[in-house]
Amino acid sequence: MPNTKKLDTKTGEDKAMAPTTPPMYIDHEAIRKLAGLLNETGLSEIEITEGDKSLRVTKSAPVQTVAAPAVAAAPAAAAAPAAAPGAVAALSHDNHPGAVKSPMVGTAYLQAEPGSPRFVTKGASVKEGDTLLIIEAMKVMNPIKAEKSGTVVDILIEDAQPVEFGQPLFIIE
Amino acid sequence: MPNTKKLDTKTGEDKAMAPTTPPMYIDHEAIRKLAGLLNETGLSEIEITEGDKSLRVTKSAPVQTVAAPAVAAAPAAAAAPAAAPGAVAALSHDNHPGAVKSPMVGTAYLQAEPGSPRFVTKGASVKEGDTLLIIEAMKVMNPIKAEKSGTVVDILIEDAQPVEFGQPLFIIE
Amino acid sequence: MFKKILIANRGEIALRIVRACKEMGIESVVVHSTADANGMAVRMADESVCIGPAPSRLSYLNIPAILSAATVTGADAIHPGIGFLAENEEFARMVEEHGFTFIGPSPEHIAKMGDKAVAKDTVRELGLPLIPGSPGILSSVEEGLAIAKEVGFPVLIKAVAGGGGKGMKVARSEDEFASSYSMATSEAKAAFGNGDVYLEKYLPDPRHIEIQLLGDTHGNAVHLGERDCSIQRRHQKVIEEGPSPALTPEQRAYIGNLAADCVRKMGYRGVGTMEFLFQDGEFYFLEMNTRLQVEHPITEMITGVDLVREQILVAAGEPLPFAQEDIKIMGHAFECRINAEHPETFIPSPGKITRFHAPGGLGVRMDSAIYEGYSVPPTYDSLVAKLIVHAKTREEALMRVARALEECVIERINTTIPLHQRIIEVPQFRAGDFNIHWLERYLAEQEAESRKAAS
Amino acid sequence: MFKKILIANRGEIALRIVRACKEMGIESVVVHSTADANGMAVRMADESVCIGPAPSRLSYLNIPAILSAATVTGADAIHPGIGFLAENEEFARMVEEHGFTFIGPSPEHIAKMGDKAVAKDTVRELGLPLIPGSPGILSSVEEGLAIAKEVGFPVLIKAVAGGGGKGMKVARSEDEFASSYSMATSEAKAAFGNGDVYLEKYLPDPRHIEIQLLGDTHGNAVHLGERDCSIQRRHQKVIEEGPSPALTPEQRAYIGNLAADCVRKMGYRGVGTMEFLFQDGEFYFLEMNTRLQVEHPITEMITGVDLVREQILVAAGEPLPFAQEDIKIMGHAFECRINAEHPETFIPSPGKITRFHAPGGLGVRMDSAIYEGYSVPPTYDSLVAKLIVHAKTREEALMRVARALEECVIERINTTIPLHQRIIEVPQFRAGDFNIHWLERYLAEQEAESRKAAS
């Protein structure tokens, strides 16, 4: 391939498009399958690499399914520098329609005081306005109430755990 | 002419003149197929890499409109720093089966001495072993001979032009 | 020394501080809005805490959330960075009340320097030169004229309630004074319902010269030379450099020592910058910024002092490791602020960065939190990278800036790289012959010319 | 001054020289093989010429092609870079015969220093210390023993025809001498058909210390301090630093001045490096490299001198712009050679770089010709990037190296980044307590331990 060089010509054009080799093989089936997976999973990008072959398909934002704002974006861009360990956390919960998210940074308490019974337990029914937990922030105890009635499907935090803004705390369905 | 650029400065004055520059090789078929797949699947981007070749097609938001102009241009492996604007140069000659390429760096002369007739002219027939041109390197005149018989379809350089290793000089078919 | 520092900021400055923490063996926590969850500082920090949604008011200006984040992560100090809460007295006070160390000056110094009138009185008393003018509101045109003659024409008559250039008039000579005075007062009355005006010497073409200062809690303070930030557009600095091509070593020592004395007498802790207008060999105090500056790397390059490290050390109570005579100005540095903006229209250009290649090699430093695949959010300011270049001389540094800008690739957002490339080729800029109005005038001229050419 | 320089090299060093040319306003031509058509230096240069196919012999070592390229592009000087033809006397001579300036020393100096025996005789005469030993072939075991006692045990008995450790024996004491002597001679006879041996003092654990030198054509020469390149694997430098943690300022001045005197007396032009073994406070001359070194950036960081610029200037006949007393060592610098190799097996890993993010910020310099999308060819050496870090102290520089390595992303080829990260955490390395064998011994120990743990 002595002449790929001419392609470079400092234009920034793609030197890979040299006509030295037969037309590119297009794996229609793989593309269709990946497209199906994109739709099914709500992802915005899939990239597959195998040896020196690679295939990437992307789909832009309104994928018609549920809004997945931060979720898909995070791993897609994730390759960058030294991603902090462990921070990936409960991503799928972020988008759960029944997720109750923390409205503030603070420390979450699942009962009124040490020794008291928990406000809610897994499987319990809650009514709109029931206190679910307390978040202590700036030495103030902030009761967090249910915004709708339902069943506590999951409790995603431990007692006395620090929580950040937007962190899913409960799943209520 | 097509390759003078490499030996000239890339300051831009030769950018406009590239009349003999043939177009960059474009795999129409592959692009059409991928465009079809984009439409069919509703994807917004497909990228295929195979060895050092790569092809990327994208389609912006409203997925049913016709293929975007910039599609194939999207430089997949697009080149890095400070690409100078300009010439996409003589790609297809590099890979032309009838291309006679320069075996060395030097200055090409199309006749034995000033005023002499040219060794070959466009359209002329040449026999294997005929001298096509002389390349002066290190003050030595190196005659470059035809390796096979044929017709001179194209002469890609000017008299007294600097040429580099691998640069296509003639097309003989 | 601190075990863990919480960084209440974003972007390149948050990353700058994370880097300093790593290099000092201090753990770092970066708080961030939902819009910055993928920020480089967040990725690089030991911990991160989301403190609110994208709007700054609900996240980076949300004091309770920041203090809660410091509590839950067990930080022992808070670095406010630049902007947001960095010069908020209330925040500094609350940080300390909650038992954290504020990495910055005392709340009192923030308050004092944050009130322009108080700041001017303070530094005047401590011996700094200010723009001469009336001590307060002018009671009459006669009083005004008398003062104008004293400070020398031209003078500027300014509405006390003023803003946006309204109620502001220049009087270039004694003859003009009465009419300028009456225009200013009537314009002020019309615009603000208050015709009170004051007067000061008018500086038509000053340079912006600022002195980097650093003080500790043991009574020591030094200056680290000046930065020339005259290349501005709409009061935003575009290219800064140090040392200023307009200052002599004597002028540098004079104003630097005055400023350092001033902060020493104040008992000022941490980094700070005093901004001056400079014209005809005279300095006029403008204001003091009680925090790190965006352009602090220039000073780092020409003095070899790591300002963020020193800032953290003095906040922790360490004495300065050097005295004034240890500070030497070595070579010349430029900083180009690369913004995500169109280089001609200056329309912001947030969006995904599809290609990024930082310039490298000798004397080139990139302070940037972008990476390939990063999306510049539309919510915050448009600074995406600071290209800092250092060389032995100004001329060599300019050549190096040119080659570094050429190497730098940021696609496909618009950036001001082409603007920088234009500016550094202009002979006046290369000669160091400019003032705070130069860039806007130059751009206006160029635009006018290209309009003429097009018509 | 030169108008146009042709650069007869590739990779990061070609880019380094292109950058210097740009910063000096000199046009640059990069010659390249077909394998390097997309190289960064080719892209950044004003012009480029393909001179041959991938094998170096046909391109980067192809003297007629390089000279033709210089002719057709109208270059007036040729920079050979590092490696390839940089120390080829014949090339230097032909460059000058063809009317170009060779950016390097005279062909005579290249030749003299290229012949180890001549080099040693030359520098001995000029006062440099060498490893003491026999003046030539030992005529008998008695003669050997006498000399051994003179230079002190341990001594090394070496075959004149030797290589690869064959015919080489250490005698640690007088008792051992006779048997070591006879083993060496018989091994030499068996291996090379020549039993001649000579003797020198054996240095079991020396450091590799090299002095950076710079001379002009006006009789001036300076040294720019030393680099400690003891961290080696298979005679390849891995991490270099300057100043050496093992030298005192007095030792630096002593050997530096000796070496500078030596090149001054030689009338040496350009940059050069004298390599020494250093043990127990004594220096022993090894050889002189008559060219730029890969690790030259370390010296640039700690002296503030742009070595490539100065090299070009002295080649153009300019006098040195500084004297010895102007050279100050400031702070500490490390260079990590990042190779495209597996960090444990050291198997080369050429291929496409799918992601690249260079570390940035204060005190961090990347000298690298890679970019995202670039394919590292399998044809040449595996160096893909040099990470150079500068800080006030060795300890601060080490912390900075760690954070810069953490920021650096090079995917999906293997690189030696993890090796560097391992080395800088080892207490002995951090303490500066190592010699030229340390790294290999350390890696062998670690491997042995992990084998033991696995079994």
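Remember, it's a predicted structure, so these values are computed and weren't measured experimentally.

## Focus: helix H5 (residues 107–114) of chain D
Taken as a whole, H5(D) has its buried residues at D:Pro107, D:His109, D:Ile110 and D:Met113. Buried residues in H5(D), looked at end-on, bunch into an arc of 165°, giving them a common side.

## What about the packing of helix H7 (residues 141–151) of chain D against helix H8 (residues 174–192) of chain D?
Residue and element names in this part refer to chain D. In contact at an axis separation of 10 Å, H7 and H8 are set at 140° when each is read in the N-to-C sense. In terms of axis orientation, H7 runs oblique to H8. Relative to H8, the crossing made by H7 is right-handed. Every residue of H8 that contacts H7 at Val141, Gly144, Leu145, Ala148 and Lys149 is listed here: Glu174, Phe177, Ala178 and Tyr181. Class assignment for the residues of the contact of H7 with H8 results in six nonpolar, one polar and two charged.

## With respect to the packing of helix H1 (residues 11–24) of chain D against helix H11 (residues 307–315) of chain D
Residue and element names in this part refer to chain D. At their nearest, the axes of H1 and H11 sit 9 Å apart, and the two run at 70° to each other. Judged on the interaxial angle alone, H11 and H1 are roughly perpendicular. For the crossing formed where H1 meets H11, the hand is right-handed. Across the interface between the two elements, Arg16, Ile17, Ala20, Glu23 and Met24 of H1 pack against Leu307, Val308, Arg309, Ile312 and Leu313 of H11. Tallied by class, the residues present in the contact of H1 with H11 amount to seven nonpolar, no polar and three charged.

## Structural notes on the environment of C:Thr415
Residues and elements named next belong to chain C. Relative to the assigned elements, Thr415 resides in the loop between strand E20 (409–411) and helix H13 (417–423). Linking Thr415 and Glu425, residues 10 residues apart in sequence, is a C-alpha distance of 18 Å. Excluding its chain neighbours within four sequence positions, the residues that come into contact with Thr415 are Ile338, Asn339, Ala340, Glu341, Pro343 and Ile410. At a separation of 3.2 Å, a polar atom in the side chain of Thr415 contacts the main-chain amide nitrogen of Ile417.

## What to know about the sheet that holds strand E3 (residues 47–52) of chain C
All names here are of chain C. If you walk across this open sheet you meet the five strands as E3-E2-E1-E4-E5, and the pairing is parallel. Either end of the sheet is taken by a strand with one partner, and the two such strands are E3 and strand E5 (101–102). Pairing of strand E1 (residues 4–7) with strand E2 (residues 27–33) involves four bridges; the strand directions are parallel. Bridging across to E2, Lys4 finds its partner in Glu27.

## Some points on the pattern of salt bridges
Summed over all chains, the structure comprises 80 salt bridges over all chains. Across the pair C:Glu187 and C:Lys169 runs a salt bridge, and its minimum N-O distance is 3.1 Å. Taken together, the positions of C:Glu187 in helix H8 (residues 174–192) and C:Lys169 in strand E7 (residues 166–171) put the pair 18 residues apart, joining distant regions of the chain. Exposure remark for C:Glu187: the relative accessible area of 28% places this residue in the partly exposed category. C:Arg430 is the salt-bridge partner of C:Glu425, the closest N and O atoms lying 3.8 Å from each other. Among the charged side chains, a salt-bridge network with shared partners connects C:Arg16, C:Arg19, C:Glu23, C:Glu300, C:Asp306, C:Arg365, C:Asp367, D:Arg400, D:Arg403 and D:Glu407.

## Comments concerning the domain arrangement of chain C
By domain assignment, chain C separates into domain 1 (4–103), domain 2 (132–201) and domain 3 (207–448). Distance from the C-alpha centre of domain 1 of chain C to the C-alpha centre of domain 2 of chain C: 44 Å.

## Section: the side chain of B:Thr107
Relative to the helices and strands, B:Thr107 is located in strand E4 (residues 106–109). The exposure class assigned to B:Thr107 is buried, which follows from its relative accessible area of 14%.

## Observations regarding the interface of chain D and chain C
Across the boundary between the two partners, chain D contributes 35 residues, which contact 35 residues of chain C. Between chain D and chain C we count 14 salt bridges in total. Residue C:Arg403 is joined to D:Glu23 by a salt bridge in which the shortest nitrogen-to-oxygen separation is 2.6 Å. Taken together, the links from chain D to chain C amount to 15 residue pairs in polar contact (both at pLDDT 80 or more). At the level of elements, H1, helix H2 (40–44), helix H10 (296–303), H11, strand E16 (355–357), strand E17 (364–368) and helix H12 (394–407) of chain D are the ones that each hand at least two residues to the side of chain D that touches chain C. Ranked by the residues each element gives to the side of chain D that touches chain C, the list is headed by H12(D), at six residues. Class assignment for the residues of the side of chain D that touches chain C results in 12 nonpolar, five polar and 18 charged.

## Concerning the environment of D:Asn38
Residues and elements named next belong to chain D. Counting through the fold element by element, Asn38 comes out in the loop between strand E2 (27–33) and H2. The class for Asn38 is buried, based on a relative accessible area of 16%. For the pair Asn38 and Ser375, spaced 337 residues apart in sequence, the C-alpha separation works out to 8.7 Å.

## Quick look at empty space enclosed by the protein
Enumeration according to the criterion identifies 10 cavities of 30 Å³ or more in this entry. Lining the largest cavity are 23 residues; nearest its centre among them are C:Ala358, C:Pro359, D:Ala358, D:Pro359 and D:Met366. Mapped by element, the contributors of at least two residues to the lining of the largest cavity are strand E16 (355–357) and strand E17 (364–368) of chain C together with E16 and E17 of chain D. Within the lining of the largest cavity, the residues separate by chemical class into 13 nonpolar, six polar and four charged.

## Re the relation of the copies chain D and chain C
Least-squares fitting of chain D to chain C yields an RMSD of 0.1 Å, with the transformation described by 0.0 Å of translation along the axis and a rotation of 180°. A rotation of that kind, with that shift, is consistent with a two-fold axis. A share of 100% of interface residues in chain D that are also interface residues in chain C marks the association as one of identical surfaces.

## Description of helix H4 (residues 89–97) of chain C
All names here are of chain C. Regarding H4, the residues found buried are Phe91, Ala92, Met94 and Val95. End-on view of H4: buried residues confined to an arc of 165°, all on one side of the axis. Summarising the contacts, the buried residues of H4 are in contact with helix H3 (63–73), strand E4 (77–79), E5 and helix H5 (107–114). Where H4 starts, the residue carrying a side-chain oxygen 3.0 Å from the main-chain nitrogen of Glu90 turns out to be Asn88.

## Section: the pairing of strand E14 (residues 332–339) of chain D
Residues and elements named next belong to chain D. In terms of residue burial, E14 counts as a mostly covered element, since eight of its eight residues are buried. Burial along E14 is two-sided: the residues His332, Phe334, Cys336 and Ile338 and Ala333, Glu335, Arg337 and Asn339 are all buried. Pairing geometry for strand E11 (residues 236–242) and E14, over four bridges, is antiparallel. Each residue of the ladder has a partner; that of Glu240, found in E14, is Glu335. Across eight bridges, the pairing between E14 and strand E19 (residues 383–391) is antiparallel.

## Description of the sheet that holds strand E6 (residues 131–137) of chain A
Residues and elements named next belong to chain A. Strand order in the open sheet formed by four strands is E7-E6-E4-E9, and the pairing between neighbours is antiparallel. Bordering the open sheet on either side are strand E7 (140–145) and strand E9 (161–163), each of which pairs with just one other strand. Taking each pair of neighbouring strands and ignoring which way they run, the sheet shows an average axis angle of 35°. Of the pairings in the sheet, the one linking strand E4 (residues 106–109) to E9 comprises three bridges and is antiparallel in character. Bridge pairing in E9 links Thr107 to Pro162.

Calculation rules
- Residues numbered from 1 in each chain as written.
- Chains lettered and ligands numbered in written order.
- Predicted model: local features only at pLDDT ≥ 70, side-chain atom pairs only at ≥ 80, totals over all residues.
- Heavy atoms only, no water.
- Buried < 20%, exposed > 50% of the residue type's maximum accessible area, 1.4 Å probe, protein only.
- Helix = DSSP H or I, 4+ residues; strand = E, 2+ residues; numbered from the N terminus.
- Arc of directions from axis to C-beta.
- Axes fitted to C-alpha atoms, helices over the stretch in contact; angles between N-to-C directions.
- Parallel < 35°, antiparallel > 145°, perpendicular 65-115°, else oblique.
- Left-handed = near helix turned anticlockwise from the far one by under 90°.
- Contact = heavy atoms within 4.5 Å.
- Nonpolar A, V, L, I, M, F, W, Y, C, P; charged D, E, K, R; others polar.
- Polar contact = N/O pair within 3.5 Å; in protein donor to acceptor, adjacent residues only side chain to side chain.
- Pairing = 2+ DSSP bridges.
- Salt bridge = Lys/Arg side-chain N within 4 Å of Asp/Glu carboxyl O.
- Domains from an automatic or database assignment.
- 1 Å grid on protein atoms, 1.4 Å probe; cavity = no way out; pocket = protein on both sides within 12 Å on 5 of 7 lines; lining within 4 Å.
- Points joined across faces, edges and corners; volume = space filled by probe spheres on them.
- Least-squares fit on C-alpha atoms with pLDDT ≥ 70 in both.

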